[in-house]
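What follows is each chain in one-letter form.
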Amino acid sequence: MTTALVWLRRDLRLSDHAALSVALQEHGRVIPVFVFDRTILDPLPPTDRRVAFILESLKEIQARLREYGSGLVVRIGDPRTEIPGLAHEFQASAVYANRDYEPAAIARDTAIAQSLAGQGIQWVDVKDQVIFERDEILSRQGTPFQVFTPYWRSWLQKLTPVAMAEYPVTPYCRNLARLPAVPLPSLEELGFAPNDETPFTLTVGESGAATLLADFARRIEHYHVLRDYPARKGPSYLSTHLRFGTVSIRQLVRLALANPGEGAECWLKELCWREFYQQLLWHRPDLVEHTFRPEFDRLPFPNREDWFAAWCAGRTGYPLVDAGMRQLNQTGWMHNRLRMITASFLVKDLLIDWRRGERYFAEKLLDFDLASNNGGWQWAASVGCDAQPWFRIFNPVTQSRKFDPAGHFIRRYCPELARLPDSAIHAPWLAAPLELESAGIRQGQDYPHPLVDHASQRQAALALFKAASGR
Ligand code: FAD
């Protein structure tokens, strides 16, 4: 009977799990392992809520594994030494993992595969995180797509039942190793503290993902209509679960196809955007540092520190921008429309390098995903592939009137503006003094004056891009 380790990373579930399913079918004794990677954890602030999400999801996995008399083996350290060490300790002949496409993860996995090979242990990585990976979707010329729509068409054409078939786990669970119950480390032992000021609102683990998915399944037909309105319950809220793999992408695609209609098609397209950015980063790892369009790599942004601080804090004086940033700061999630608006505002109104915003989102988003975040920022900043054209600039007030017409979202996150009438809430600086007074607002004290004038900053942004584009 051969022994294999299955190393869980961003796939924290036990169902429809490619690596686990394959390992259980090929080995008589399978040991699931997880490593809290010190090289990733150490730079994080102790209040980072993603660690709590991971820990809670692992607890669920641990409890389910106990039902089979098995358990999760957990280590804290550097996977480059921990994984080969565990493989040696358990006399494994192979280590299985679901493939990760981020440049740093590829470097880590390559080093581990080499180290295992030195011990005569096989490294097996399989596709799980996406429906199509790496070179599976290419243009007729055999090159990666740089524009989404033809990628989407090609992706859809290839979407056969096999591509989204489930990787079953339960029928093979008898091959899980019998292991003693060992408690998981606590948040404190990992060097993290629960953040009481901003309680954890998201459902966690595979059960949390299932709850969100069941709820979304009842709303999917309206997705295309409601998805752009932050005050409405439009999207699935599954991004953190997708990030940590507490739900399988194949399951989501199957759900979309089982509910044909405009809503499901629109949602499927969003899932495809995720893969578009993943394959893009895999083909172009340099995008982590550089813009897709080289002419915009070194735009001379003025980068005013006080403006950046105001943007981060949600105190720009533009209510929908501020509401979006406060949603991010308070909950660790931001609505997609607001990610576009706040990103555009940072770059095109405040003239701050998009990389600063990208880093801020990376720190704060529970669903932070390198490929989607980088792709989203390069898109909004007009420096990426298939990006928003640089001469088209979001007007934050028009966007606010269109996507939060009654100001419900603004009122939730900017309560100081709650008593303003709908007509004034999108641009309080235009409100009549009497209107402000009866809403209890002293401009500049209770709520900031707008940091910048959109019309003139728009001109400055156009000049900056025009000079670099050579047009
Ligand atoms: P839904 O609307 O229910 O969509 C379902 C899933 O599709 C999402 O969970 C996500 O996995 C995927 N998806 C949806 N829209 C996009 C998109 N535009 N690009 C890539 N994938 C998409 N998404 C992340 O998962 N992590 C990030 O770090 C991230 N950073 C972003 C930064 C910027 C500047 C922008 C403009 C977008 C970013 N997005 C990111 C994409 C998008 O905003 C989120 O995926 C979405 O808001 C998550 O909410 P949801 O799960 O309810 O999405």
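Values in this document were obtained by computation on a predicted structure and should not be read as measured data. (Residues numbered from 1 in each chain as written. Predicted model: local features only at pLDDT ≥ 70, side-chain atom pairs only at ≥ 80, totals over all residues. Heavy atoms only, no water.)

1. Considerations on the pattern of salt bridges
For side chains of opposite charge, pairing can occur when their charged atoms come near one another.
Here is step 1: All told, the structure shown has 33 salt bridges when counted by the stated rule.
Here is step 2: Ionic pairing is found between R80 and D78, a salt bridge with its closest N-O pair at 3.1 Å.
Here is step 3: Of the residues examined, R80 reaches a relative accessible area of 35% and is grouped as partly exposed.
Here is step 4: The shortest N-O distance in the salt bridge between D422 and R411 comes to 3.1 Å. Of this pair, D422 sits in helix α19 (residues 422-425) while R411 sits in helix α18 (residues 408-413), and the two are 11 residues apart along the sequence.
Here is step 5: Residue D422 is classed as partly exposed on the basis of its relative accessible area of 39%.
Here is step 6: Among the ionic contacts, a cluster of salt bridges with common partners joins R13, D16, D128, R250 and R254. (Salt bridge = Lys/Arg side-chain N within 4 Å of Asp/Glu carboxyl O. Buried < 20%, exposed > 50% of the residue type's maximum accessible area, 1.4 Å probe, protein only. Helix = DSSP H or I, 4+ residues; strand = E, 2+ residues; numbered from the N terminus.)

2. A short note on unusual backbone geometry
Here is step 1: Of note, the phi angle at Y237 is positive, near 60 degrees, even though the residue is not glycine.
Here is step 2: By the secondary structure assignment, Y237 is in the loop between α8 (223-226) and α9 (239-244).
Here is step 3: Residue S382 is not a glycine yet carries a positive backbone phi of 65 degrees.
Here is step 4: One can find S382 in the loop between α16 (370-380) and α17 (396-403).
Here is step 5: Judged by relative accessible area, S382 falls into the buried class, the value being 0%.

3. Concerning the packing of helix α12 (residues 305-313) against helix α15 (residues 354-364)
Here is step 1: At a closest axis distance of 12 Å, the pairing of α12 and α15 adopts a crossing angle of 35 degrees. Once α12 is placed against α15, the crossing between them reads as right-handed. Residue-level inspection shows E305, F308, W311 and C312 of α12 in contact with α15, the latter providing R356, G357, Y360 and F361.
Here is step 2: The class makeup of the residues in the contact of α12 with α15 is five nonpolar, one polar and two charged. (Axes fitted to C-alpha atoms, helices over the stretch in contact; angles between N-to-C directions. Left-handed = near helix turned anticlockwise from the far one by under 90°. Contact = heavy atoms within 4.5 Å. Nonpolar A, V, L, I, M, F, W, Y, C, P; charged D, E, K, R; others polar.)

4. Concerning the domain arrangement of the protein chain
How big an interface is tends to be expressed through the accessible area that disappears when the partners come together.
Here is step 1: Under the domain assignment, the protein chain is made up of domain 1 (3-129), domain 2 (130-165 + 206-283) and domain 3 (294-469).
Here is step 2: When the buried area of domain 2 at its contact with domain 3 is split by residue, D228, P230 and Y277 rank highest and sum to 33% of it.
Here is step 3: Among the salt bridges present, the one from D228 reaches R337, with a minimum N-O distance of 3.1 Å.
Here is step 4: Counting every contact that joins domain 2 to domain 3 gives seven residue pairs in polar contact (both at pLDDT 80 or more).
Here is step 5: Elements with a contribution of two residues or more to the side of domain 2 that touches domain 3: α9 and α11 (262-283).
Here is step 6: For the side of domain 2 that touches domain 3, the element with the most residues is α11, which contributes seven residues.
Here is step 7: Considering only residue class, the side of domain 2 that touches domain 3 consists of 13 nonpolar, four polar and four charged. (Domains from an automatic or database assignment. Buried area = accessible area lost by both parts, 1.4 Å probe. Polar contact = N/O pair within 3.5 Å; in protein donor to acceptor, adjacent residues only side chain to side chain.)

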